[in-house]
Amino acid sequence: MNAIWDSPLVLGIGLVMLYASLLVIVFVVLKSRRSIDVERRQPSSPSQQTALAVLTDSTKGIIESRLGVRPSGLLSQATLDAAGLKKQPSDYVVISGVVVLSTGVLGLSLGGPVMGLLSSILAMAGVFAAIRLMTSRRRSTFEAQVPDTLQMLTGGMRAGHSLLRAVDAAARECESPMAEELSRVVNETRIGRDLGSSLNDVAKRTRSEDFDWISQAIEIHREVGGDLAEVLDHVGETIRDRNQVRRQVRALSAEGRMSALVLLALPVVMFCALTLINPTYAHTFTSTLPGYLMIAATVVMLGLGSFWLSRLIKPKY
């Protein structure tokens, strides 16, 4: 079995697949989006597409048709909007496939089929973790911008502007991601959508309880009337008090979160270090059935431990 994987034919196939993946990355993923189309530069000349472009477009069309049937998922439009990614879901599916394929071919060339499979799984998990991390950072930044944005809204309404005009002014003054979300609200309202529905979608997309309170206060004011600026001032005071409590809770739980990170990362780091120091030590885990079973048991136990620690260091308030 090892002689088959050590043959030059397998190495050649792996190198061809690796180079093909690199070509897709260079000509599809890293292609400049600022170039002027051929139709604009030469209107009379027929558009010409390379075989790689035709293959990429057909692949994206198939992926978009499948995503239309299943709109939910990690690479759905809602998830990408929450992460602040601007391209279509099919583009990121193609990019993820290229990354996973390239990593799998590299692992296959370096360590055989088991290493190739593990590399592909790790690459897929890395893509998902990157999207989750971008979403979490965007939501945290959005939460931090809510009090200042609310103060801009109340100041604009006290200056005599309407609510939509105050939202537009806040979108121009704020930074991303608040500016992107408020600009989307303004654009949707201008084409006829209800303002309350747009604000509710922002709260759901960012999972911001504070912004949900703002949208509810605005919706109630539209039904019963009153001084909206004063109501939003009271909401802003409540939000600032909750943010203060939230920061205190994070400071008190920082030690627990750091301990959980060390406990989860220590087995993986030690295994990688021992593999580099003594490669024969890991040979038992990557070439025998008991080794595979021990790795599977380790993954399950680490998963259960991470879930338990995440519940312990995530207090409710």
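Located above this text is the structure these notes cover.
Quick look at the structure, then. (Residues numbered from 1 in each chain as written. Predicted model: local features only at pLDDT ≥ 70, side-chain atom pairs only at ≥ 80, totals over all residues. Heavy atoms only, no water.)

### With respect to the overall build of the protein
Counted only if it meets this: Think of it this way: any DSSP run of H or I at least four residues long counts as a helix, any run of E at least two long counts as a strand, and we number them from the N terminus. Only protein chains enter the accessibility calculation, which uses a 1.4 Å probe; a residue is then buried when its area is under 20% of its type maximum, exposed when over 50%, and partly exposed in between. Only heavy atoms matter for contacts: two residues are in contact if any of them lie within 4.5 Å across the pair. Surface exposure here means Shrake-Rupley accessible area, sampled with a 1.4 Å probe, where a residue is shielded only by the protein chains that are shown.
Looking only at helices and strands, the protein has 15 helices and 0 strands in total. Within the protein, the fraction of its 317 residues that count as buried is 29%. Sequence-distant contacts in the protein: of pairs separated by 6 or more residues, those separated by 24 or more amount to 60%. Of the roughly 20,700 Å² of accessible surface on the protein, a fraction of 65% belongs to carbon and sulfur atoms.

### Examining the packing of helix α6 (residues 89–111) against helix α7 (residues 113–158)
The following threshold applies: To obtain each axis, a line is fitted to C-alpha atoms, and for helices this fit is confined to the stretch in contact; angles are then taken between N-to-C directions over 0 to 180 degrees. By definition in this entry, angles of less than 35 degrees are roughly parallel, angles greater than 145 are roughly antiparallel, angles of 65 to 115 are roughly perpendicular, and the rest are oblique. By convention, the crossing between two helices is left-handed when the near helix turns anticlockwise from the far helix through less than a right angle, and right-handed when the turn is clockwise. Residue type decides the class: Asp, Glu, Lys and Arg count as charged, Ala, Val, Leu, Ile, Met, Phe, Trp, Tyr, Cys and Pro as nonpolar, and the leftover types, Gly among them, as polar.
Interaxial distance between α6 and α7 falls to 7 Å at its minimum, and their mutual angle equals 150°. With respect to α7, the element α6 is oriented roughly antiparallel. In this structure, α6 crosses over α7, and the sense of that crossing is right-handed. On the side of α6, the interface is formed by Ser96, Val99, Val100, Thr103, Gly104, Gly107, Leu108 and Gly111, while α7 contributes Pro113, Met115, Gly116, Ser119, Ser120, Ala123, Met124 and Val127. Across the contact of α6 with α7, the residue classes tally to 8 nonpolar, 8 polar and no charged.

### Description of helix α13 (residues 254–277)
Rules: In this analysis, the expected span of each helix is defined as 1.5 Å times one less than the number of residues it contains. What is called the bend at a residue is the angle between a pair of axes, fitted to the seven residues leading up to and ending at it and to the seven starting from it.
Counted at 1.5 Å a residue, the expected span for α13 with its 24 residues is 34 Å, and the 33 Å between its end C-alpha atoms agrees. Remark: the principal bend of α13, roughly 35°, maps to alanine 265, with a proline, proline 267, within the next four residues.

### With respect to the side chain of glutamate 143
Here glutamate 143 is to be found in helix α7. Setting aside chain neighbours within four positions, we find glutamate 143 in contact with Arg207, Ser208, Glu209 and Asp210.

### Let's talk about helix α9 (residues 178–190)
Compared with the 18 Å implied by 1.5 Å per residue over 13 residues, the 18 Å span of α9 between its first and last C-alpha is a close match. Regarding α9, the residues found buried are Met178, Ala179, Glu181, Leu182, Val185, Val186, Glu188 and Thr189. Residues of α9 that are buried in the fold lie against α7, α8 (163–173), α10 (195–206) and α11 (209–224). Glycine 192 occupies a position one or two residues after α9 and carries a positive phi of about 110°.

### Observations regarding the side chain of threonine 149
Tracing the backbone shows threonine 149 in helix α7. According to the relative accessible area criterion, threonine 149 is buried, its value standing at 4%.

### What to know about empty space enclosed by the protein
The condition is simple: Cavity means a closed set of points on a 1 Å grid over the protein atoms alone, one where a 1.4 Å probe fits but cannot get out, pocket means an open set with protein on both sides within 12 Å along at least 5 of 7 lines, and lining means a residue has an atom within 4 Å of a point. Grid points are joined across faces, edges and corners, and a volume is the space filled by probe spheres set on the points.
This structure, assessed with the given rule, holds 1 cavity of 30 Å³ or more. What the largest cavity holds in volume is close to 40 Å³. The element contributing the most residues to the lining of the largest cavity is α11, with 3 residues. Of the residues belonging to the lining of the largest cavity, the class tally is 7 nonpolar, no polar and no charged.

From the geometry alone we can't say anything about function, so treat these as descriptive.
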